[in-house]
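# Structural description and commentary
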Amino acid sequence: MKYFAAILALCALCSCQAFHIDEILNRAERQLTDAPDSALVTMQSIRRYALLCPKVRARYGVVYSAALDKNYVDVTTDSLIRYSASYYDLHGTAEERMRAYYYLGRVYENAKDYQQALLYYLDAAQYTESVEDNYLKGLLYSNLGEMYEQYYNYDKAYEYFELSYNCFKLIDLRRHQAYQLYKMAEKCWKNYPENAISFLNRAITLAGDANYQGILPLCYDELLFIYVSLQQYDKALEISKKIDVDGCRFVRTSGALSELFAYKYQFRKSDELLQRGWSYSVDKVDSSYMFNTLSRVYLLRGMYYESTVNHNYALKLQLALAVQDMGGTIAAIERKYLSDKMMLQKQKVQKQKVIYLAVSILIFLVIAIVAIHLHTKNKKEIIKKDNQINQYLLSVQSLHSELAERDEKLKEVSSEIFGEAFKAIDELCCTYFEYSDNPKQQSAILNHVKGLIGNISSKSYLVQLEEQINGCYDNILEKLKSDFPMLSENEYMLSCYLCAGFTTQAICLFLNCNSSAVYNRISRLRKKIKDSTSENKELFLKYL
């Protein structure tokens, strides 16, 4: 019991501690944008023993790495952020994975391991479509551009700088937009100088709006370099007025100014700037640029031999750079990246196969159980339905018996109503033939027969017949009047005789017309009922 209580107390303590750490991490994340130094202090206040929960430890690694990065503390070991990346690989959202891989790439970029940094940035980039944080995406695209720039893949670098600019534009971060425009101009000036000049002018405008003075010298230096490269020396002179010539510490800027002063025939100043450029040169790229600048300066001075010699030196260095640095480095990195991703994909596929097999077995068992249950249930339902059908059959038989009784009753009623009249008519007809030698007597008998038939066709007989028919057939004639108020008297009488079951010959006597006329009337009556929308249509057609 004591051990159980101790475990409960430890769990409660860990839960409270995790809640407390979450509050600190939330505060640090809010401070990252406006007060990164305060965010770093907040993160440093957390003690390592408080990071018992794996989820909290993973989040701590990401937020602490962000705080260090924001304060320009270049971490070169991945022990902290790698745990976060491993945890989020299994349990994190797309944004958490992207953030962890981004800061893992930052660690390797700080360590100058650009190849590994590029791989981790590419790992982070696969989640950009699922993440809505444009600031994070802008940072990632910018760093990808820097990595491709390290390997001289300027087209790819330009693409990522442009993506980064678009992300920062969506959230109106003008300082960041200005820097990305500068990088875009730097990468596209050779093929699209007019676009590069436009980018730099926009960057200068944005930097002025955001009071971002640090980017202005870079933009002016780049504009100077582009104008000099295009031999637009007048525009280059205007830009040079905004540059600190004596404080210049850039190889390209020194070379561009040297060429500009050579154009102005200030050869002493041009030579001084050339010497300064050579002193800042640190690698083959700088040397290649300086030889190319010397070639252009000598060309302006009319020293064509010296210009050709330095031009050849520049070409040799550029060829060496192409062999050394462009020998498939990026392609090799991308192949390795794709190979690693393929391996991971295979592992995921294998895991998914196991999961799918387990799920399939589970689904099969569930389906089998459901099928057995349904079979049992259906069997019971079938028995129940059979009983109901038997009951319905008994009801139908009873109904048939009732209808037969109704029909018989109707026949009896019709016989009762019209029987005496028919008997009298029959007797008169016999008498008629007995007086065959007495035409006068025959005429009298015939008139009497016609009178009897007229009486049968009279309203009094018809009313009696109507009452009996309605009583036997669920008020069929009342429904007929209601559904077809426009029926003529002859049509209604015809309906009564048909419901009563009289033959066509009898109806001919009642209506005083020939059989063809009766058939036509019956046909028209049935068509009128059939073409109607009456709810009792089927009932009428059954008896008419």
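From a predicted model like this one, the values you see are computed outputs, not experimental measurements. (Residues numbered from 1 in each chain as written. Predicted model: local features only at pLDDT ≥ 70, side-chain atom pairs only at ≥ 80, totals over all residues. Heavy atoms only, no water.)

### Examining the overall build of the protein
- Summing up its helical and strand segments, the protein has 24 helices and 0 strands in all.
- Expressed as a percentage of its 544 residues, the buried residues of the protein come to 39%.
- Here the analysis covers contacts within the protein between residues at least 6 apart in sequence; of these, 59% occur between residues at least 24 apart.
- Surface summary for the protein: the accessible area is close to 32700 Å², and the carbon and sulfur share equals 55%. (Helix = DSSP H or I, 4+ residues; strand = E, 2+ residues; numbered from the N terminus. Buried < 20%, exposed > 50% of the residue type's maximum accessible area, 1.4 Å probe, protein only. Contact = heavy atoms within 4.5 Å. Areas by Shrake-Rupley, 256 points an atom, 1.4 Å probe, with all protein chains shown as cover.)

### Observations concerning unusual backbone geometry
- One non-glycine residue, aspartate 172, adopts positive backbone phi at about 55°.
- Position of aspartate 172 relative to the elements: it lies in the loop between α8 (154-170) and α9 (174-188).
- A relative accessible area of 46% means that aspartate 172 is categorised as partly exposed.
- A positive phi is found at asparagine 211, a non-glycine position, where the angle reads about 55°.
- Tracing the sequence through the fold places asparagine 211 in the loop between α10 (193-209) and α11 (216-229).

### Points about the confidence of the model for the protein
- When pLDDT is averaged along the protein, the result is 79; 78% of the residues meet or exceed 70.
- Here residues 1-16 is a poorly scored stretch, pLDDT under 50, and it has 1 contact once near neighbours within four places are set aside; other chains count. (pLDDT = per-residue confidence, 0-100.)

### Quick word on the nonpolar core
- Grouped together as the largest cluster of nonpolar side chains are 102 residues, with contacts concentrated most on Ile21, Leu25, Met43, Ile46, Leu140, Leu144 and Leu224.
- The residues touching leucine 25, leaving out its near neighbours within four places in the chain, are Met43, Ile46, Val56, Arg59, Tyr60 and Val63.
- Listed in part, the 33 residues of the second largest apolar core include Leu477, Cys499, Cys508 and Phe540. (Core = buried A, V, L, I, M, F, W, Y, C linked by side-chain atoms within 4.5 Å.)

### Focus: the packing of aromatic side chains
- Applying the stated criterion across every chain yields a total of 18 aromatic pairs.
- Between tryptophan 189 and phenylalanine 225 the ring centres are 4.9 Å apart and the planes differ by 80°, which places this aromatic pair in the edge-to-face class. Of this pair, tryptophan 189 sits in the loop between α9 and α10 while phenylalanine 225 is found in helix α11, placing the two residues 36 residues apart along the sequence.
- For tryptophan 189, a relative accessible area of 16% corresponds to the buried category.
- For the pair tyrosine 233 and tyrosine 263, a centre-to-centre distance of 4.2 Å together with 20° between the ring planes defines the contact as stacked. Residue tyrosine 233 is found in helix α12 (residues 233-240), and its partner tyrosine 263 is found in helix α13 (residues 251-263); the two are separated by 30 residues along the sequence.
- Judged by its relative accessible area of 7%, tyrosine 233 falls in the buried class.
- What links up through ring pairs into an aromatic cluster is the set Tyr101, Tyr108 and Tyr120.
- Here the guanidinium or amino end of arginine 57 rests over the ring plane of tyrosine 83, the centre of that ring lying 3.9 Å away. (Phe/Tyr/Trp six-rings, centres within 6.5 Å; stacked < 30°, edge-to-face > 60°. Lys NZ or Arg CZ within 6 Å of the ring centre and 35° of its normal.)

### Description of the packing of α8 against α9
- In the contact formed by α8 and α9, the axes pass within 9 Å of each other and the chain directions differ by 160°. Comparing their axes, α9 and α8 come out roughly antiparallel. For the pair α8 and α9, the crossing hand works out as left-handed. On α9, the residues touching Tyr154, Ala157, Tyr158, Phe161, Glu162, Ser164, Tyr165, Phe168 and Lys169 of α8 are His176, Gln177, Gln180, Leu181, Lys183, Met184, Lys187 and Cys188.
- Tallied by class, residues from the contact of α8 with α9 come to 9 nonpolar, 4 polar and 4 charged. (Axes fitted to C-alpha atoms, helices over the stretch in contact; angles between N-to-C directions. Parallel < 35°, antiparallel > 145°, perpendicular 65-115°, else oblique. Left-handed = near helix turned anticlockwise from the far one by under 90°. Nonpolar A, V, L, I, M, F, W, Y, C, P; charged D, E, K, R; others polar.)

### A word on the pattern of salt bridges
- This structure, assessed with the given rule, holds 22 salt bridges.
- Glutamate 95 is paired through a salt bridge with arginine 99; the nearest N and O atoms lie 2.9 Å apart. Of this pair, glutamate 95 and arginine 99 both sit in helix α5 (residues 94-110), separated by 4 residues, roughly a single helical turn.
- Put simply, arginine 296 and glutamate 259 hold a salt bridge, and the shortest N to O gap is 2.8 Å. Remark: glutamate 259 occurs in helix α13 and arginine 296 occurs in helix α15 (residues 284-301); sequence separation between them is 37 residues.
- Arginine 296 sits in the partly exposed class, given a relative accessible area of 22%.
- Judged by relative accessible area, which is 4%, glutamate 259 ranks as buried. (Salt bridge = Lys/Arg side-chain N within 4 Å of Asp/Glu carboxyl O.)

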